[in-house]
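In case you want the letters, here they are:
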Amino acid sequence: MMDTKLSTPANKMGEPGWIESTFSMRVCNRFTENKKKTSPDPADPLCQCGKKKSCHEPQYLQNDDPSKPWSAETHTSESPTNAYGEFEFVGAAGWGQGQQKLRKYVRVDYKTEPRTLVDLIQKQWKLGQPKLLISVTGGANNFPLNSNLKDVFRKGLIEAARSTDAWIITGGSNSGVMKYVGEAVRDYAIAEGGSASTSIVAIGIATWGILDQQEALTRGSRPAIYRMNQQEQTGPVRLDPNHTHFILVDDGTTGEFGKEIQLRSDLEKQISEQGFPWESDENISTVCVVVGGGPDTIQAVYEAVKNKTPCLIIDGSGRAANILAYAFTKHGTYSLTESAREEIKKRLFREFKDSDLDKHQHWIEECIKQPNLINVYKINTGSGVSTVIDRAILHALLKAKKDKPIDQLQLTMVWNRVDVAKSEIFTDDNDWEMAALNGSVRYAIEHDLPNFLEWFIENGMSMKDYLTEKRLTILYGKIKQTSLLKKDGEYSVTLWMIGQIIQQLTMYTYEPLYLSDKKRFNKEYPLTADNSDHNIPLYPLTAVSDSDNPDPDIHNDAQPQFDPIRELFLYAILLNRQEMARMLWERINEPILAALTASKMLKAMACKKYDQDPQKIMMEHAK
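Residues numbered from 1 in each chain as written. Predicted model: local features only at pLDDT ≥ 70, side-chain atom pairs only at ≥ 80, totals over all residues. Heavy atoms only, no water.

*Asks:* Help me out: how do you make sense of the pairing of strand 10 (residues 285–291) in this one?
*Replies:* Side-chain positions along a regular strand alternate between the two faces of the sheet. Counting buried residues in strand 10 gives seven out of seven residues, a clear majority hidden from the surface. Neither face of strand 10 is exposed, since S285, V287, V289 and V291 on one face and T286, C288 and V290 on the opposite face are all buried. The pairing of strand 5 (residues 132–138) with strand 10 spans seven bridges and is classified as parallel. Residue pairing for strand 10: S135 is matched across the bridge by C288. Pairing of strand 10 with strand 11 (residues 311–315), which is carried by three bridges, proceeds in the parallel orientation. Across the sheet, residue V290 finds its bridge partner in strand 11, namely I313. Taken together, strand 10, helix 8 (residues 295–306) and strand 11 form a β-α-β motif whose crossover is right-handed. (Buried < 20%, exposed > 50% of the residue type's maximum accessible area, 1.4 Å probe, protein only. Helix = DSSP H or I, 4+ residues; strand = E, 2+ residues; numbered from the N terminus. Pairing = 2+ DSSP bridges. Right-handed = clockwise from strand over helix to strand, strands pointing away.)

Okay, structure coming up:
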């Protein structure tokens, strides 16, 4: 049968029709009667896809080979998706407090290219790029967590997401562990006052065929209305009102769970492989957190381990998580002992009956062959919240990269945990070359990590060698557009321009170095990968790279000298970074003059700010 999607002309992203021309849904095109399940209406038998015969289009009722088992591969065809856009939850208790009311969603084919979904998420939905991906998998049915575990899970998960600008990915339903995640996201949004800048991205990836109110999501009116009643649910699955985005995976079946697992795994891998632009060759880190769960959870962990994703198993949360935790704690050298293997079989049968026990046993044994990727987290119920789960997540990530100390360092910087870096990475076992830390130094400066920058300086990093004029120009160029340093429409900055701003802020009482030589300081450096710290050699100021095209007498003793600590201090003041500025001020040659200059600049900047909160902060810092 011809693919109906192929006849649709392609549209550019953002244009009307782009989603329909890019994403598909699945339609059963060969009715195959299900002899094992009885339809409530004998005159309207069930198809093996899960739908009644009457729900099929007339042209799809013909089947030349009715004895052939139904499969999505051979018994479905693609059509342009008919469910996407925005929808609003109505009737959910406490929903909407501190959060945006509209949620974005899309129904997609189970064979959708992950790269296309990444484009949708990052460009169409404008979510940008995370620094960490937290994939939460586990129990889809409502199950009680003891108050201690629930408290640790919610607080630790949110702290991990908040401190790292992470995205959280779950199954997206309003039940089980997904509901706990949603409530944690909601409670954090309420506590933070609902600011868009502090909201946490929680993406639900669910199977389309198990959802209720599919008709509401496919209607032409936008935004769609999704109703939540407070009665106990026994039928189709409801979406969780506290997730922010939804990807609904369709393979043409109805009532079949777990059809999203493979695409979700592939999408998480694709997001991870995006990496940080101009930041590091390292991928975005991903961690899988396992709470309870059934057979699908074991498959999800298996897929995660195949993708080299570290997994954190919450021991004591029940079912699949407890079985996985037992298997890992009882394994020998990369394999299970015979007694442990028999015990796992018993536990699998007790929990899941005859649901593909051999397959699940195989997945578990494959997982424990990668001990660096499996981590068991057990809460000591007798001593309260003694260990926070966010640190357990970080340790799982560090363990997975135990042979790559520079990648471990990047992780601790993303988490802003200099204490962990000092105790576990900056040890005698690792012989650091300062040149190898160029990217880390720039990350610390750009992302306002004064504790890390202080450690680098105190342990031998020469800022005079590191901070060339080119690097400083690029740092200023990466500042987000503001009314002060970079106006709308400006995409490049020179030190000459920065010097003019500093001079104006100090009312011409301070003449910056950058205004001493226009030819020298009015150079632009595009923000490209070629200008990352991986491609800028470590040159001291007396031997600037030829690529910078310096004047031959630029470092003549008669000329003003470039003082890296002073220039970074001014950079920190212009960005109103108090802790960074104070750390640098303690190392500056003329501290009194620097303090007076900074105070004058901050007061002038406060007068130019229209928002009351930044204005008050700047005036406070000026004191």
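Having seen it, we continue.
*Asks:* Any chance you could explain the sheet that holds strand 8 (residues 224–227) here in plain terms?
*Replies:* Across a sheet, strands are paired by hydrogen bonds formed along the backbone, either parallel or antiparallel in direction. What the ten strands build is an open sheet, ordered 8-3-4-9-7-6-5-10-11-12; its pairing is mixed. Bordering the open sheet on either side are strand 8 and strand 12 (374–378), each of which pairs with just one other strand. Between one strand axis and the next, the sheet turns by 25° as a mean value, whatever way the strands run. (Axes fitted to C-alpha atoms, helices over the stretch in contact; angles between N-to-C directions.)

*Asks:* Sorry if this is basic, but what is going on with the pairing of strand 1 (residues 24–28) here?
*Replies:* Taken across its five residues, strand 1 has four buried, putting it largely inside the fold. In this sheet, strand 2 (residues 76–80) lies alongside strand 1 in antiparallel orientation, the contact comprising five bridges. Counterpart to R26 in the pairing with strand 2 is E78.

*Asks:* I tried to follow the pattern of salt bridges on my own but got confused; where do I start?
*Replies:* Note that side chains of opposite charge can pair when their charged atoms are close. Within the structure shown, the criterion is met by 32 salt bridges. D315 is the partner of K378 in a salt bridge, and the nearest nitrogen-oxygen pair spans 3.7 Å. With K378 in strand 12 and D315 in strand 11, this residue pair connects regions lying 63 residues apart in the sequence. Across the pair R587 and E458 runs a salt bridge, and its minimum N-O distance is 3.1 Å. Residue R587 is found in the loop between helix 22 (578–585) and helix 23 (591–608), and its partner E458 is found in helix 16 (residues 450–458); the two are separated by 129 residues along the sequence. If you follow the salt bridges from partner to partner, you end up with R154, E183, R186 and D187 in one network. (Salt bridge = Lys/Arg side-chain N within 4 Å of Asp/Glu carboxyl O.)

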